[in-house]
Every structure is written in C-alpha cells, then in structure tokens.
Amino acid sequence: MADLSLRTYRARTVGDALVEIKRDLGPDAVILHTRQFKAGGLLGLWARPIVEITATSASNIAPRHDKPGPRPSRDTGAPMSPRAAASGHHGANGSVLADRLRQAYATPGASPDPGAGGVAIAPAPGAGQRAPESAIDPVTNGKALVAALATRAQIAPTTSAAVSALENELGSIKTLLNQVLARTSGSPASVVPELLHARYIRMLDADVSSEIADHILAEVRDELSRQEMGDEAIVHAAVVRRLSAALRIPGEEAAIRPRKPSESARRIALVGPTGVGKTTTVAKLAATHKLRHGLKVGLVTADTYRIAAVDQLRTYANIIGLPLRVALTPADMAAACDSLHDCDVVLIDTAGRAPCDADRLDELRDLLGAAKPHETHLVLSSTTSERAMLQVAERFSVVSPNRLIFTKLDEAANFGTLVNVAKKVGVDLSYLTTGQEVPDRIEPVRPDRIARLILEGGVVR
C-alpha cells in the first residue's frame, strides 16, 4: 500500500516553509499546491500574511513516461490537490487518490501517529450506531483531513541565517521605499549611490531642510568619482565637509586675544527671549576669558526685570573675581562701559524680551545703542522649534545681531534645525552650550561637530 504523505506547511515566507519541507520530506519533495492568506489580527486589522504549501515526498509520485506508446493507466499515483479529492470532482485519477486516502486513514480503529503526518480516526461506532459518513470518510471530509495533515512551521526565524536574510530583506524594502519617496518629491536624490543616499535620508531625518540636503547631495555627487562613491569613509567625509560648509563661523578678527594699548575694550552683548540661558552663558564666557585665556574681564547687567537676576550674576562675578556694573538706562549703560575701559573684554547681559513686545525691544535697542557693542549675540535655545527660532530672529533684528549662540544642545531632539536657522538668519555661529555647569559646558562652534551630530547622532557632552 502506497504511503501518500500529504503535508501542509504554513510559515511567514516561502523560504521558511521550504526549509521545513526539505527537512521533513527530503530535497526531492514535490510541491502540490501553494496559496497565501492572512491570519490573526483583530476584525481584519493587523493580520499577518501566511504562506501555505502542500507537499509530498517524491516516492509517492509515479515516474514520468517519456517514451511514445500507449497512454499509461490513470492509476499512476499522480499528484492531486486534497481540495479536488474532497470536492468529488476527481474522475479516474481522483478515484485512485480517494481509495488511497481511505486505505491510509479511514481504517476503523486505526490511530495513525499525527506527528508522522497522519490523522487520528475515531474507533468504529458500537452496535446499533451509525456514524455520519463525513466522520469516517476522509475524502468526503476533505477539509478536516487537510487541517489534520497540516504541520505548522514556526513563524519566527529559527536560525541566524534566516534572521540575517530577514534583516537584509527589510533593509532592501526600506531603501526602495526611500527612493520611491525621493522620486515622488522631485528631489535630485532620486538616482544616487546607496551610501550617499543613506546620508541624504539621515539629514532629512535630523530635520535638515530638503533644500540644504539636496544641495549637499548634488555637490558630493559632482565631487566624487564612481569608485569613490563605493567607499563609505570617503562618502561620509565628503558629506560632513559639505554640511560643515553650510555653517558660517567668525573669522580671525574675532579671535580671543588681549587688548592692544591703542584699542578699547571689546564689548560683547547677549540678547534673546526669556528662558534661553543668557545669564548662565555670560558667566561661562566670563570664566572662559578670565580663567582659560587670562584676559581681564568686566561685567555689565541690564537684567533688572527678573527677580534675583543681578544677584545671580554678582555671585558669579565674586567667585571668578570680576567687576560688575548695573545699568538701568541707556545713560547708565554708557557710563558702565566707560568705567571698564581698561578691561580686555566687557560682557553685557540683557533682560529677556518677548518677541511680540515691540516696546521692550525698542528699549533694548536704545540700551545697546549706548553700549556700542562690537558683537551682539542672539541667544536661542536648541530645544525650540525652527519656526519659533526664526520668529525670534526676525523680531530681534531691530538690534542687529551679528552672532548666534545655541544653548541647551544636550536637550535637543534633532540638530538639523540649527543648520536651517543659521542659514536663514545669515549670521555667524559663535558658541554652543551643552549643559548648565559653569564654567564648563560651552564651546566655540565647530561646524564639523554639528555635521557629525546630524549624521552620526550620539549623546552631546
């Protein structure tokens, strides 16, 4: 009696199902039927695709008659799907298959081992009882037979090779999706080498504007040869270099140095909205100039609106050993700056101003007009949205800032907005602060540092 070992395998992918088939039935297994459907989920949502393959061993399939001659008998054991056998439309070939199914599985009292691909058949009914035909006839009850014959393959990958193949497939899908999105957006990133495209996507993920990212991508694509495009280190360095070039920093004339006898003290004013850390940044700059560069530093504060603001700066001044002046009016500001004429640097702290308060901004303009600063630094918090920073920059343009300081870099979610704002405001970047500690956590802007934070991420320290 032939053994018709029909088995149905279910798995997430065809590859996983074939692995199970090869393991159970050998490399010569014959595929009889395949289909795909979705299972699981809730009310049809989040259902997962499943591949179902019905197979049998090659020993159950009669050899093919290639020589000319009389047509062989239908009773050859040729494969036929269980669905056809169960439906009754089997003809001569189906009759043979039906007989084999009955012989193999429908013997009263038989209880084949389900683990070997069989299905347990209940014992014959007792005297005077007649079981329904569908209960003992595996041909009539074809659906039950197929379900019983099914061997469920594990959905999750079971080997490291399967995991690696799945990761590669997901990576290919992600790359393809990014390319499709780039094409539909009309971006020049539609056809670019993979390594360059990955950094283009990283810039967009970090909130670098598409205009800047497109420009950088086009420059790098024109700069590198096809061979260089295949070297990850070269591509990465080129993108870092081009992204760094999008940021402006002060020239040599703004370098920290002692005052010459013929020069007046260099006056540096900090302006910006409330809560961005101006006073703390003034203290950090004072400590940097005094302790690290050995310069003589004076402090002037006009922040008399915030409670204890003067006391906070006076505490810093006493610790570092610096003179402090308080200015309430433009006349006080001019007098305070003149009294510190023998210093190398005079740092001016101002009160925070709401961008929508035009009157307070006019007062700030008058104060700075009396101070006549060489540098006016607009202080912005990197935790603020790009739109809000641009609005602040527009309103504070009445005091003509020529530098930008970004604070709280350690709290920022993305760094691409720094590039966007600096580019649109059109002034030099001077300092970054990365925490509240004084005198540390402040550094001159290095464009390559910002570029690497955008492309490589990481924790800011």
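For every chain, the first residue of its written sequence is number 1, and the numbers climb from 1 along that sequence. In view of the model being predicted, local features appear only for residues whose pLDDT reaches at least 70, and side-chain atom pairs are presented and counted only at 80 or more, with totals across whole chains, interfaces and linings using the full set of residues. Heavy atoms from the whole structure form the basis of all side-chain values; hydrogens and water molecules are not counted.

A word on the overall build of the chain
When helices and strands are counted, the chain shows 17 helices and 12 strands. Per-residue burial for the chain yields a buried fraction of 42% across its 461 residues. Contacts are assigned to residue pairs with any non-hydrogen atoms lying within 4.5 Å of each other. Restricting the contact set of the chain to residue pairs at least 6 apart, pairs at least 24 apart contribute 69%. Labels follow the DSSP assignment, with helices taken as runs of H or I lasting at least four residues and strands as runs of E lasting at least two, numbered in each case from the N terminus. Exposure is judged per residue with a 1.4 Å probe applied to protein chains only, and the accessible area is read against the type maximum: over 50% gives exposed, under 20% gives buried, and values in between give partly exposed.

Some words on the pattern of salt bridges
Any carboxyl oxygen of Asp or Glu that lies within 4 Å of a side-chain nitrogen of Lys or Arg is treated as forming a salt bridge with it. Within the structure shown, the criterion is met by 22 salt bridges. Here Glu 52 and Arg 35 are joined by a salt bridge, their closest N and O atoms 2.7 Å apart. Here Glu 52 is found in strand β3 (residues 48-56), whereas its partner Arg 35 is found in strand β2 (residues 30-39), with 17 residues between them in sequence. For Glu 375, the salt bridge identified is with Arg 266, shortest N-O distance 2.9 Å. Here Glu 375 is found in strand β9 (residues 375-381), whereas its partner Arg 266 is found in strand β5 (residues 266-271), with 109 residues between them in sequence.

Section: the sheet that holds strand β7 (residues 324-326)
We treat two strands as partners when DSSP finds at least two bridges between them. Taken together, the eight strands give an open sheet; going across it, the order is β7-β6-β8-β5-β9-β10-β11-β12, and neighbouring strands pair in mixed fashion. Each edge of the open sheet is held by one strand with a lone partner, namely β7 and β12 (442-444). Within the sheet, the average angular offset between the axes of one strand and its neighbour, ignoring direction, is 25°. Across four bridges, β5 lies against β9 in parallel orientation. Considered in β9, the bridge of Val 271 is made with Leu 378. Angular values range over 0 to 180 degrees, each being the angle between N-to-C directions of two axes fitted as lines to C-alpha atoms, with helices fitted over their stretch in contact.

Let's talk about helix α16 (residues 416-425)
Of all 10 residues that make up α16, seven are buried, and the element is covered over most of its length. Every buried residue of α16 is listed here: Gly 416, Thr 417, Leu 418, Val 419, Asn 420, Val 421 and Ala 422.

Quick look at the side chain of Arg 353
Tracing the sequence through the fold places Arg 353 in the loop between β8 (345-349) and α14 (358-371). Between N or O atoms, a polar contact is any pair within 3.5 Å; within protein, one atom must be a potential hydrogen donor and the other a potential acceptor, and residues adjacent in sequence are included only when both atoms are from side chains. Engagement of the side chain of Arg 353 in a polar contact is seen with the backbone oxygen of Arg 360, the distance being 3.1 Å. With sequence-adjacent residues up to four places away left out, Arg 353 is seen in contact with Gly 272, Pro 273, Thr 274, Tyr 305, Arg 360, Leu 361, Glu 363, Leu 364 and Phe 396.

What to know about the nonpolar core
Counting 66 residues, the largest nonpolar core has Met 203, Met 333, Phe 406 and Ile 454 as its most contacted members. A per-element tally of this core places α14 first, with six residues. Filtering out sequence-adjacent residues up to four positions away, Met 333 remains in contact with Val 300, Ala 302, Ala 327, Ile 348, Leu 367, Ala 370 and Ala 371. Ile 268, Ile 320, Leu 322 and Ile 405 belong to the second largest nonpolar core, which has 23 residues in total. Only buried residues count toward a nonpolar core, which is a set of Ala, Val, Leu, Ile, Met, Phe, Trp, Tyr and Cys residues joined through side-chain atoms within 4.5 Å.

Things to note about the environment of His 236
Looking at the secondary structure, you find His 236 in helix α10 (residues 232-245). Taking the C-alpha atoms as reference points, His 236 and Ala 198, separated by 38 residues in sequence, lie 9.9 Å from one another. Excluding residues within four positions of it along the chain, His 236 makes contact with Arg 199, Arg 452, Leu 455 and Glu 456. Among the polar contacts made by the side chain of His 236, one reaches the side chain of Glu 456 at a distance of 2.7 Å.

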